[in-house]
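Working through the structure, step by step
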Amino acid sequence: MARIDKLFWSYFLLYLDFTLALGIIKINLVPDWAGYLLLLSALKELQQESPLFRQPQIWCTVLAIYSGLLWIGDLTGVAFNPGGWLLGLAATCLQLYITLRVIDGIADVEQFRACDLGSGPLHKVWGIAAVGSLASYILVWIPPLSGICALISGISTMVILGRLNTTRKLWRTYIGI
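In short, a report on the structure. (Residues numbered from 1 in each chain as written. Predicted model: local features only at pLDDT ≥ 70, side-chain atom pairs only at ≥ 80, totals over all residues. Heavy atoms only, no water.)

**Points about the environment of Trp59**
- By secondary structure assignment, the location of Trp59 is in helix 3 (residues 57-76).
- Judged by relative accessible area, which is 33%, Trp59 ranks as partly exposed.
- C-alpha separation for the pair Trp59 and Val78, spaced 19 residues apart in sequence, amounts to 25 Å. (Helix = DSSP H or I, 4+ residues; strand = E, 2+ residues; numbered from the N terminus. Buried < 20%, exposed > 50% of the residue type's maximum accessible area, 1.4 Å probe, protein only.)

Next comes the structure, spelled out in structure tokens:
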């Protein structure tokens, strides 16, 4: 699989959530840890294009381990969420940081190769997703506002996925595989 395809599919795995609930056991059919491992692989390959792709790699590993532990806990019915709300907020902040670094890496490649890969729109929609995600966490005790923020975050996340697909196509046009 081409490195830019790995990048797109990693976000596809991270952003889409398909969960099967069987009593106290939840099975996430598209686990986040798999998305983080694929993202880590893509970033390692993309670092040839920009050193900015190197920066978030350690955090992909951290989030792969964290989400893997949560996945095992859900699968076995054993609740595992030390730190609860605060750790969830930290994981969200790390995810936002990783995505920003990926978008910055795409912008760096654009500048170096003098081509448009769509980093401008990605930066804009990332800002909306970041505000929505963080606000939904911070406003968790005010459910209507938190819900609205989560909806904004969810919609903008799907737009990011669509924009990453556009970036993938532009990458193939300007840079190749």
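**What to know about the pattern of salt bridges**
- Under the criterion given, the structure shown has six salt bridges.
- For Glu49, the salt bridge identified is with Arg3, shortest N-O distance 3.0 Å. Of this pair, Glu49 sits in the loop between helix 2 (32-46) and helix 3 while Arg3 sits in helix 1 (residues 3-15), placing them 46 residues apart in sequence. Comparing Glu49 with Arg3 shows no difference in burial state: the two are buried.
- Between Glu49 and Arg113 there is a salt bridge, with the nearest N and O atoms lying 3.0 Å from each other. Residue Glu49 is located in the loop between helix 2 and helix 3, and its partner Arg113 is located in helix 4 (residues 84-113); the two are separated by 64 residues in the primary sequence.
- With a relative accessible area of 37%, Arg113 lands in the partly exposed category.
- Here the salt bridges do not stand alone but share partners, grouping Arg3, Glu49 and Arg113 into one network. (Salt bridge = Lys/Arg side-chain N within 4 Å of Asp/Glu carboxyl O.)

**Details of the packing of helix 2 against helix 3**
- Where helix 2 contacts helix 3, the two axes come as close as 7 Å, and the packing angle between them is 165°. Viewed along their axes, helix 2 and helix 3 adopt a mutual orientation that is roughly antiparallel. Read as a crossing pair, helix 2 and helix 3 show a hand that is left-handed. Across the interface between the two elements, Asp32, Trp33, Tyr36, Leu37, Leu39, Leu40, Leu43 and Lys44 from helix 2 touch Gln57, Cys60, Thr61, Leu63, Ala64, Ser67, Gly68 and Trp71 from helix 3.
- Considering only residue class, the contact of helix 2 with helix 3 consists of 10 nonpolar, four polar and two charged. (Axes fitted to C-alpha atoms, helices over the stretch in contact; angles between N-to-C directions. Parallel < 35°, antiparallel > 145°, perpendicular 65-115°, else oblique. Left-handed = near helix turned anticlockwise from the far one by under 90°. Contact = heavy atoms within 4.5 Å. Nonpolar A, V, L, I, M, F, W, Y, C, P; charged D, E, K, R; others polar.)

**Describing the pairing of strand 2 (residues 25-28)**
- Looking at chain direction, strand 1 (residues 19-22) and strand 2 are connected through four bridges and run antiparallel. Note on strand 2: the bridge partner recorded for Thr19 is Asn28.
- From the end of strand 1 to the start of strand 2, which pair antiparallel, there are two residues, and Gly23 there has a positive phi angle of about 65°. (Pairing = 2+ DSSP bridges.)

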